[in-house]
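# Structure assessment
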Amino acid sequence: MTKKISILIVDDEESVRDSLYSWFIEDGYRVENAENANKALTMLESDSFDIILADIKMPGMDGLEMLRRIKLLKTDSIVIIMTAFATVDTAVQALKDGAFDYVTKPFDPDDLSHLIRNATRQISLKEENENLKKKVVSLENVEDMIGSSDQMKKVLKDIESVAQSNSSVVITGESGTGKELVARAIHSNSTRKFFPLVSVHCGALTESLLESELFGHEKGAFTGAMFNRKGRFEMADNGTIFLDEIATISTKMQIDLLRVLESKKFIRVGGNKEISSDFRVICATNRDLKGMVEKGIFREDLYYRLNVVNIYVPPLRERIEDIPMLVDYFIKKYCTSMNLQPVSIDSAALKRLEEFNFPGNVRELENMIERAIVVGNGKKISLRDLPLEKSIISNSIESLEDLEKTHILQILNKYSWNISRAAKALKVDRVTLYNKISKYGLKSAD
Amino acid sequence: MDLQNITLISFGYFEEVFLRDIAEAVKQEYFFQVNIKEGRLDLSEFYDPGRRQYDGTKLLKEVDSAYSSDSNKTVGLFSVDLFIPILTYIFGQAFLNGRTGIASLYRLSNERYGINTADNFISERFKKEIIHELGHTFGLIHCHIPTCVMRSGTYVEDIDQKSSSLCPGCRKKISGVVI
């Protein structure tokens, strides 16, 4: 530990203060004295101390009362209570009130050394913990959200503005656009970040299973309920619950959910005890919730309860400028996880990716890159490594000429630029194919 | 006034050979002239009947006011059981960056801990304790080097494990005062 540990001694007896002062000064600590609790509390307003050694019996405010007030100040100080009159009751009370330890005066020099050593170890662990937390947060923040398009900038801005609040959020967007990543980013930038983010895929569960999953169940609540089980709302206490595919939940579940959101209280399936949980709700859907409300399929009151803030995640085809960055990110991600040297992607393959309409969005692109790394030559991802042959026609193609060009390139790639075989497949002669290659400026990726 | 010497003042009976041996060790460590004097104090004034021990803090203050001067580093040598109010016992104590320290033989003998008696240990331990307290008067705080004499020791075994010399780091810290 680099920082000098500071100790405040609070005792009405001058001889005690002096002897402790001398002892700690010789150990190289920064030491201050206070002759009563009021003076110590005043000192704590303008200065902070790592360790406070306080006598329990002092005129005016006693050590236990001072301990309670120190805890109210929310300082990180470690308080050690000293007394000449040891009783089990006062020791227990001191520890209950948050004292780090309790010692009886006079104490053995070795005990004092141990006590202070344990306290300083606790301080260094706390510091280490804080530093690690900071590192974890910075890692979470930089990782997941990739893109520099205006649409993504807006999403990031929305995340930033909503993260610190406690408001419910509905994330909308097509499948595979990264709605869960947005939820994770909101959670990891919120004050709840050190508590769990609990995800529930509502669409994957039947009504009864979802009920048990969300609220938990008591032993014997239904056949197979052999143990008590905490529900997801309970697990998300102080954290965030992410309800994916919220539009799929039944009408009954909508009513139950509304009740929980309003009261933050619920009862486990088969139980009778009310359980409270402090959670934040983030939902996601790829459906038009507003439209469902208008059609009467989704409860309007629940919709307004959930949809305090709406974040729309655009499909990949609306932000094609992000594709190179995403490709680069996924290449690094999978090469690292497969323990391979980073590969590159040739320009033709990248161009094709940019032209593709990606119905499965970022998830589809990610799968494509993963597959290309697995099947590729380990150096460069080329067109033949991308599963685009059976792809639907790119939405950027409108003219017949573009269609012809794309089709010829696809066939040439399929036959590894063997002109004879490609011409045969296209049912044109070789000269015609050469003319087309020249006309459209087609080049082999290799 | 510049520091001229170190004075060891014995309160109570100490053999002359024993004291000369200690003075030589102190001289070798700090390179100052070391004088030995005999002090007279009515120790009953410092006796705490409740604890059946002698108040180290009061003794230190007394030695400092009655026997020390700015040109001297003084260490009072005792053979009684010393305490400070907060601790059950002490081997010695000193004013950090001051001019006075005290040390006692009482807790340094093996027989206090039920270990086999071996008198040569007492002499070595006492030397280390005196050099340690003098180190505090030169402004040194406790050192983490296991062999350094400035390492804190709360048991006689701790004292036995360290040497009677300052480590290079501690020596460097007082190089302006001590050669």
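Structure's up top.
Every chain is numbered independently, its residues counted from 1 as its sequence is written. To read the labels, note that chains go from A and ligands from 1, taken in the order they are written. For this predicted model, a pLDDT threshold of at least 70 governs which residues receive local features, and a threshold of 80 or more governs which side-chain atom pairs are given and counted, while totals over whole chains, interfaces and linings are taken from all residues.

## Observations regarding the overall build of chain B
By definition, any uninterrupted DSSP run of H or I lasting at least four residues is a helix, any uninterrupted run of E lasting at least two residues is a strand, and each is numbered from the N terminus. Tallying secondary structure elements over chain B gives five helices and nine strands in all. Secondary structure elements of chain B, listed N to C terminal, follow the sequence β-α-β-β-β-α-β-β-β-β-β-α-α-α. In chain B, 64% of the contacts between residues at least 6 apart in sequence involve partners at least 24 apart. Think of it this way: build a C-beta for each residue from its backbone, and any pair within 7 Å is a contact.

## Section: the pairing of strand β1 (residues 5-10) of chain B
All names here are of chain B. β1 sits mainly inside the fold: five of its six residues count as buried. A pair of strands is treated as paired once DSSP finds two or more bridges between them. Relative to strand β5 (residues 72-78), β1 is paired through six bridges, and the arrangement is parallel. Among the inter-strand pairings, Ile-9 is bridged to a residue of β5, identified as Gly-76. Where β1 and strand β2 (residues 33-38) come together, six bridges link them in parallel fashion. Residue pairing in the sheet places Thr-7 in a bridge with Asn-35 of β2. A crossover connection joins β1 to the parallel β2 through helix α1 (residues 16-30); in handedness this β-α-β unit is right-handed. With C-beta atoms placed from the backbone, a residue counts as buried when 20 or more other C-beta atoms lie within 10 Å of its own, as exposed when 12 or fewer do, and as partly exposed for counts between those limits. A crossover gets the label right-handed when its path from the first strand over the helix to the second runs clockwise, viewed with the strands pointing away from the viewer.

## Regarding the nonpolar core
Residues and elements named next belong to chain A. Here a nonpolar core is just a set of buried residues of the types Ala, Val, Leu, Ile, Met, Phe, Trp, Tyr and Cys, joined wherever their C-beta atoms sit within 7 Å. Val-10, Ile-51, Leu-53 and Ile-81 are the most contacted members of the largest nonpolar core, which totals 75 residues. Considering every element that reaches this core, the biggest residue donor is strand β4 (residues 78-83), with five residues. Ignoring any residue separated from it by four or fewer positions in sequence, one finds Leu-53 in contact with Ile-7, Ile-9, Val-10, Leu-20, Ile-80 and Met-82. Of all hydrophobic cores here, the second largest spans 37 residues; its members include Val-198, Leu-257, Phe-279 and Phe-298.

## Remarks on the interface of chain B and chain A
Across the boundary between the two partners, chain B contributes 16 residues, which contact 19 residues of chain A. Among the secondary structure elements, those contributing two or more residues to the side of chain B that touches chain A are β6 (82-84) and β7 (87-90) of chain B. Element by element, the count of residues in the side of chain B that touches chain A is highest for β7(B), at three residues. Charged residues are taken to be Asp, Glu, Lys and Arg, nonpolar residues to be Ala, Val, Leu, Ile, Met, Phe, Trp, Tyr, Cys and Pro, and polar residues to be all remaining types, Gly included. In terms of residue class, the side of chain B that touches chain A is made up of nine nonpolar, seven polar and no charged.

## Things to note about the sheet that holds strand β8 (residues 92-94) of chain B
Residues and elements named next belong to chain B. Spatial strand order, β2-β1-β5-β9-β8: five strands in an open sheet with mixed pairing. Of all the strands in the sheet, the pair left with one neighbour each is β2 and β8. Across the sheet, the mean angle from the axis of one strand to that of its neighbour is 15°, orientation sign disregarded. Between N-to-C directions, angles span 0 to 180 degrees; the directions come from axes that are lines fitted to C-alpha atoms, helices contributing only their stretch in contact. Against the sheet, helix α2 (residues 56-67) makes contact with β1, β5, β8 and β9 (100-104), and its axis sits at roughly 130° relative to β9, the strand it touches most.

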